[in-house]
Amino acid sequence: MSSPDKVSTERLQVGFDNGMAAFAPFERQPHLAVAVSGGPDSMALTILAKNWVSQRSGKLTALIVDHGLRAESSAESLSVQRRLQSLSISTEVLVWSGNKPTKSIQASARIKRYALLENWCGRNGVLHLLTGHHVDDQFETIAMRAARRSGVDGLAGMSALVEHTQCRVLRPLLRQNRGDLKAYLRHLGVS
């Protein structure tokens, strides 16, 4: 008989696989890029994506953005890179060089992060960029937009698929919750 952790882990992979099926079609041997911060959401996403892509003889590249906004960011990026490489996951660290904003830092960083990620995808012919947004993020987004009275469009929340010029941004975890993602990593023994 399967343990509850094993059953939950298998259910999470099936949920991820079903989420990816909604984004079909994919090329015969898909190359996926995953935006990885090193937190539990993106780490779980990366492992789930690795399992999915390996079943399709594809390729996965984890993209880590070193934003350079804090003195520790380079060391943190390298730590995440080493952790992923220990799981046999290909990685790239994308460095935000140049001047940094002094106002609207979070918004500017988000715009620059997506630009770096999407430009990497465009240069490398990668059509699919996955992000680790999950249902808890979705609820938070809707609540923040409601507080700002953003209207019906804002209350729709994040889209699971957004077409950009260089790639498609996919959010296959929008039906998963943060607790299940953390439990998945614990079961696998991934920090």
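Residues numbered from 1 in each chain as written. Predicted model: local features only at pLDDT ≥ 70, side-chain atom pairs only at ≥ 80, totals over all residues. Heavy atoms only, no water.

Visitor: Honestly, the sheet that holds strand 1 (residues 31-35) in this entry has me stumped. Any pointers?
Guide: Think of a sheet as strands paired side by side through backbone hydrogen bonds, with each pair either parallel or antiparallel. Taken together, the 6 strands give an open sheet; going across it, the order is 3-2-1-4-6-5, and neighbouring strands pair in mixed fashion. Pairing within the sheet leaves two strands with one partner each, and these edge strands are strand 3 (90-95) and strand 5 (161-163). Direction aside, the axes of adjacent strands within the sheet are offset by 25° on average. Bridge count for strand 2 (residues 59-66) against strand 3 is 6 bridges, and the pairing is parallel. Note that in strand 3 the partner of Ala62 across the bridge is Thr91. Against the sheet, helix 2 (residues 40-54) engages strand 1, strand 2 and strand 4 (128-130), with an angle of about 175° to strand 1. Against the sheet, helix 3 (residues 73-86) engages strand 2 and strand 3, with an angle of about 165° to strand 2. (Pairing = 2+ DSSP bridges. Helix = DSSP H or I, 4+ residues; strand = E, 2+ residues; numbered from the N terminus. Axes fitted to C-alpha atoms, helices over the stretch in contact; angles between N-to-C directions. Contact = heavy atoms within 4.5 Å.)

Visitor: How should I be thinking about the pattern of salt bridges in this particular structure?
Guide: Working definition: two side chains of opposite charge can pair if their charged atoms are close together. All chains considered together, the criterion is met by 3 salt bridges. In this structure, the salt-bridge partner of Asp41 is Arg178, at a minimum N-O distance of 3.7 Å. In this pair, Asp41 sits in helix 2 while Arg178 sits in helix 7 (residues 178-188), placing the two residues 137 residues apart along the sequence. Note on Asp41: relative accessible area 15%, which makes it buried. With a closest N to O distance of 2.6 Å, Glu76 and Arg70 form a salt bridge. Relative accessible area serves as the criterion here: at 35%, Glu76 is assigned to the partly exposed category. Owing to a relative accessible area of 40%, Arg70 belongs among the partly exposed residues under this scheme. (Salt bridge = Lys/Arg side-chain N within 4 Å of Asp/Glu carboxyl O. Buried < 20%, exposed > 50% of the residue type's maximum accessible area, 1.4 Å probe, protein only.)

Visitor: Sorry if this is basic, but what is going on with unusual backbone geometry here?
Guide: When glycine is set aside, most residues are seen to have a negative phi, and most peptide bonds are trans. Note the cis peptide between Ala24 and Pro25, where omega equals 10°. Its place among the elements puts Pro25 in the loop between helix 1 (4-21) and strand 1. One non-glycine residue, Ser88, lies in the positive phi region at around 60°. Within the secondary structure, Ser88 sits in the loop between helix 3 and strand 3. Unusually for a residue other than glycine, Ser104 sits at a positive phi of about 50°.

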